[in-house]
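# Examination of the molecular architecture
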Amino acid sequence: MKNLETSSMEEPEKTGMIDTWLDKHSSIYTAATRHAFVVSIRDGSVDLSSFRTWLGQDYLFVRGFVPFVANVLIRAGKESGESSDMEVILGGLASLYDEIEWFKREGSKWNVDFSTIVPQKANQEYRRFLEALMSSEVKYAVIMTAFWAIEAVYQESFAHCLEDGNKTPAELTGACHRWGNDGFKKYCLSVKNIAERCLENASSEVLAEAENVLVRVLEHELAFWEMSRGGN
């Protein structure tokens, strides 16, 4: 979940297993990327208390996301066989410092005291899921699929809030631009292409695990949006 506006990565989009799975599970993918919380930002009807809830919970999530991405980087160095994988992931990891600083500024702006925020159930469960993915038993292709899905949901969601015809409140456009910008879209495509390359030669067992993990990421993202609107 990063802002890579200055990224110069230009890669063609490749059709592969991920696209096949997204077609197969299109209903949950749409639910995760066009959730009512996201739509409410785009149409200007968002409850700002829900935005504050999301801000505080996502700050906690990002702090837990850092070691996950660090683990992905280590796995890339050991298992990918492609030096470019490490460069892509390292760029994403490095940008997380800026992201955390952005959250701190937004917290001050919205009077959200992160020191008092307790992770809600959906947040806790998502972070436990990430911790499980950090196991050495999880194949590199699987963890890269999960990594792409986590990033892609935010890119798709917040880019929607910036599309033509949006009524996104001015005070929220910064948040939307952070994940909806073209640089982050290119970064997500780079991550997706790494995952697709790894999946090309994966066994049927690994493919099944990767598909399952993709769906589970979408379920967790959906639950996170729901939590922001007042759920658990």
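As named in an unreviewed UniProt entry, the protein is aminopyrimidine aminohydrolase, taken from Cardamine amara subsp. amara. In the Sequence similarities (unreviewed entry) part of its UniProt record, the protein is described as follows: "Belongs to the thiaminase-2 family."

### Overview of the packing of aromatic side chains
Two measures describe an aromatic ring pair: the distance that separates the ring centres and the angle between the ring planes. Throughout the structure, instances matching the rule amount to 25 aromatic pairs. Measuring from centroid to centroid gives 4.0 Å for tyrosine 59 and phenylalanine 114, while their planes differ by 10°, and the two rings are stacked. One end of the pair, tyrosine 59, is in helix H4 (residues 48-79); the other, phenylalanine 114, is in the loop between helix H5 (83-109) and helix H6 (121-133), with 55 residues separating them in the sequence. Judged by its relative accessible area of 9%, tyrosine 59 is buried. Following the ring pairs from residue to residue traces out a cluster consisting of Phe37, Phe51, Trp54, Tyr59, Trp102, Phe103, Trp110, Phe114, Tyr154, Phe158, Trp179 and Trp225.

### Description of the UniProt feature "active site" (unreviewed entry) in the protein
In this numbering, the UniProt entry assigns the feature "active site" (unreviewed entry) to Glu221. Along the polypeptide, glutamate 221 turns up in helix H10 (residues 204-228). One polar contact links glutamate 221 to tyrosine 126, side chain to side chain, over a distance of 2.6 Å.

### Observations concerning the nonpolar core
Trp54, Phe68 and Phe147 are the most contacted members of the largest nonpolar core, which totals 77 residues. Among the elements that take part in this core, helix H7 (residues 140-160) stands out by supplying 14 residues, more than any other. Excluding residues that lie within four positions of it along the chain, phenylalanine 68 makes contacts with Leu130, Leu133, Met134, Ile143, Phe147 and Ile150.

Analysis parameters
Residues numbered from 1 in each chain as written. Predicted model: local features only at pLDDT ≥ 70, side-chain atom pairs only at ≥ 80, totals over all residues. Heavy atoms only, no water. UniProt positions renumbered as here; feature names shortened; annotations may be inferred. Phe/Tyr/Trp six-rings, centres within 6.5 Å; stacked < 30°, edge-to-face > 60°. Helix = DSSP H or I, 4+ residues; strand = E, 2+ residues; numbered from the N terminus. Buried < 20%, exposed > 50% of the residue type's maximum accessible area, 1.4 Å probe, protein only. Polar contact = N/O pair within 3.5 Å; in protein donor to acceptor, adjacent residues only side chain to side chain. Core = buried A, V, L, I, M, F, W, Y, C linked by side-chain atoms within 4.5 Å. Contact = heavy atoms within 4.5 Å.

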